[in-house]
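Residues per chain are reported as follows:
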Amino acid sequence: MGDVTMNIWRGDPEGGEFVEYVVPEVEGEVVLDVVHRIQAGPAPDLACRWNCKAGKCGSCSAEINGLPRLMCMTRMDELPPDEAVTVAPMRTFPIIRDLVTDVSFNYTMARQVPPLAPRQPEADGTYRMQQVDVERGQEFRKCIECFMCQNVCHVIRDHEDNKPNYAGPRLFIRYMELESHPLDTNDRRALLRERMGIGLCNITKCCTEVCPEHIKITDNAIIPLKERVVDGAYDPIAWLGRKILRRTRRSAAEAAADAPAVTAPTLEDEAEAAAQAAEA
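Quick caveat: nothing in here was measured; it's all calculated off a predicted structure.

A. Representation of the domain arrangement of the protein chain in the model. Splitting the protein chain by domain gives domain 1 (3-101) and domain 2 (104-279). If you look at the interface, domain 1 gives 14 residues, while domain 2 gives 18 residues. A buried area of about 1,200 Å², summed over both sides, lies between domain 1 and domain 2, and 53% of it is on carbon and sulfur atoms. Looking at the side of domain 1 facing domain 2, the largest losses of area belong to Pro68, Thr92 and Phe93, adding up to 45% of the total buried there. Our enumeration of links across domain 1 and domain 2 arrives at 3 salt bridges. For the pair domain 1 and domain 2, the interface holds 8 residue pairs in polar contact (both at pLDDT 80 or more). Every element with two or more residues in the side of domain 1 that touches domain 2 is listed here: strand E3 (61-64) and strand E4 (67-70).

Now the structure itself:
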């Protein structure tokens, strides 16, 4: 067994650089194991985020040799031998320190998702669902919130100004889970179109490719959501049906009325609302 060379990004919001560490090679290790040995040895102040070390918490996301991966699930013997391993923080999110990034954007957008609004139960007080409807949502619940899909999405990776109006792949699967739920009565199509930026996604499938849980984000969530939004806005048959039945589509504000950011705003929510009111 020889040595392994790790080029790890070290720095803070003011800037940083890659620092080389050479440690003895140990059979069977993953990248996170090597990072821990570096923390225990030459760089005790190295910051990285991790929790379960089993690929289920999503905490240890990083860019390894330029590709978003979980450090705890990336085996050293799967990487090119005799080459330095580069470990960098996720580029889309602001740096806190070293490999730790500020992913609070994702939680801000999550608070804007209107929860399930179930219809009234049937006469016997129960709900009935088809098994296919149950299975449809199970795929999306596998998400471990590693946010690697958000990291590779060029809509926010390359355009910081899109973040306030773009939910991103991780939240789109949540919207699809709700929109496809047979008991849900809310209609989030206008919300997705006007505030969540579903139209900005050009379905490159980069989010699907990096998902460690193999969720088909593009095919099973984003494309069906786009179809629903287009049908709701432009389908002439739906338009005629609304005219005949004298129904109106639910607006973005109406759809979002039950979202946590509206019903229980945080101090940050209130400050943002005050700033928007002042600008208006």
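B. Spatial organisation of the pattern of salt bridges. In total, this model carries 22 salt bridges according to the counting rule given. The residue Lys53 makes a salt bridge to Asp33 at a minimum N-O spacing of 2.9 Å. Of the two residues, Lys53 is situated in the loop between helix H1 (31-40) and E3 and Asp33 in helix H1; the sequence distance between them amounts to 20 residues. Given the relative accessible area of 18%, Asp33 is considered buried. Each of the salt bridges in this network shares a partner with another, and the network as a whole consists of Arg10, Asp45, Arg97 and Asp98.

C. Geometry of a negative patch on the surface. A contiguous patch of negative charge on the surface is contributed by Asp3, Glu25, Glu27, Asp82 and Glu83. In this structure, Glu25 sits in the loop between strand E2 (15-24) and H1. Residue class for Glu25 comes out partly exposed when judged on its relative accessible area of 35%.

D. Representation of the packing of helix H6 (residues 169-179) against helix H9 (residues 217-234) in the model. The contact between H6 and H9 brings their axes to 9 Å, and the two run at 65°. With respect to each other, H6 and H9 are oriented roughly perpendicular. Read as a crossing pair, H6 and H9 show a hand that is left-handed. For the pair H6 and H9, contact is made by Pro169, Phe172, Ile173, Tyr175, Met176 and Glu179 and by Ile217, Asn220, Ala221, Ile222, Pro224, Leu225 and Arg228, respectively. Of the residues contributing to the contact of H6 with H9, the split by class is 10 nonpolar, 1 polar and 2 charged.

E. Region of the structure containing the packing of aromatic side chains. By the definition in use, this model includes 2 aromatic pairs. Ring centres of Tyr107 and Phe147 lie 5.6 Å apart, and the angle between their planes is 85°; on these two criteria the pair is classed as edge-to-face. Here Tyr107 is found in helix H2 (residues 104-110), whereas its partner Phe147 is found in the loop between helix H3 (131-138) and helix H4 (148-152), with 40 residues between them in sequence. Note on Tyr107: relative accessible area 42%, which makes it partly exposed. Summarising the aromatic geometry, the rings of Tyr166 and Phe172 are spaced 5.5 Å apart at their centres and angled 90° between planes, so their arrangement reads as edge-to-face. In this structure, Lys163 packs its charged tip against the face of Phe105, placed 5.5 Å from the ring centre.

F. The arrangement of the side chain of Asp187 in detail. Relative to the elements of secondary structure, Asp187 occurs in the loop between H6 and helix H7 (189-194). A polar atom in the side chain of Asp187 sits 2.9 Å from the side chain of Arg189. Setting aside residues no more than four positions away along its own chain, Asp187 makes contact with Glu179, Arg250 and Ala255.

G. Summary view of H9. Here H9 spans 24 Å end to end across 18 residues, near enough to the 26 Å set by a 1.5 Å rise per residue. Turning to H9, its buried residues number three or more, namely Ile217, Thr218, Ala221, Ile222, Pro224, Leu225, Val229 and Gly232.

H. Inspection of the sheet that holds strand E1 (residues 3-12) at higher detail. Read from one edge to the other, the open sheet built from 5 strands follows the order E2-E1-E5-E3-E4, with strand pairing classed as mixed. Looking along the sheet, the strands with just one partner apiece sit at the ends: E2 and E4. When the angles between neighbouring strand axes are averaged without regard to direction, this sheet yields 30°. In terms of strand pairing, E3 meets E4 through 4 bridges, oriented antiparallel. Looking at the pairing, Ala62 lines up with Arg69 of E4.

Cut-offs used in this document
- Residues numbered from 1 in each chain as written.
- Predicted model: local features only at pLDDT ≥ 70, side-chain atom pairs only at ≥ 80, totals over all residues.
- Heavy atoms only, no water.
- Domains from an automatic or database assignment.
- Contact = heavy atoms within 4.5 Å.
- Buried area = accessible area lost by both parts, 1.4 Å probe.
- Salt bridge = Lys/Arg side-chain N within 4 Å of Asp/Glu carboxyl O.
- Polar contact = N/O pair within 3.5 Å; in protein donor to acceptor, adjacent residues only side chain to side chain.
- Helix = DSSP H or I, 4+ residues; strand = E, 2+ residues; numbered from the N terminus.
- Buried < 20%, exposed > 50% of the residue type's maximum accessible area, 1.4 Å probe, protein only.
- Patch = residues over 30% accessible without salt bridge, like charges linked within 9 Å, V, L, I, M, F, W, Y side chains within 5 Å.
- Areas by Shrake-Rupley, 256 points an atom, 1.4 Å probe, with all protein chains shown as cover.
- Lys, Arg positive; Asp, Glu negative; His and termini not counted.
- Charge placed at Lys NZ, Arg CZ, Asp CG, Glu CD.
- Axes fitted to C-alpha atoms, helices over the stretch in contact; angles between N-to-C directions.
- Parallel < 35°, antiparallel > 145°, perpendicular 65-115°, else oblique.
- Left-handed = near helix turned anticlockwise from the far one by under 90°.
- Nonpolar A, V, L, I, M, F, W, Y, C, P; charged D, E, K, R; others polar.
- Phe/Tyr/Trp six-rings, centres within 6.5 Å; stacked < 30°, edge-to-face > 60°.
- Lys NZ or Arg CZ within 6 Å of the ring centre and 35° of its normal.
- Expected span 1.5 Å × (residues − 1).
- Pairing = 2+ DSSP bridges.

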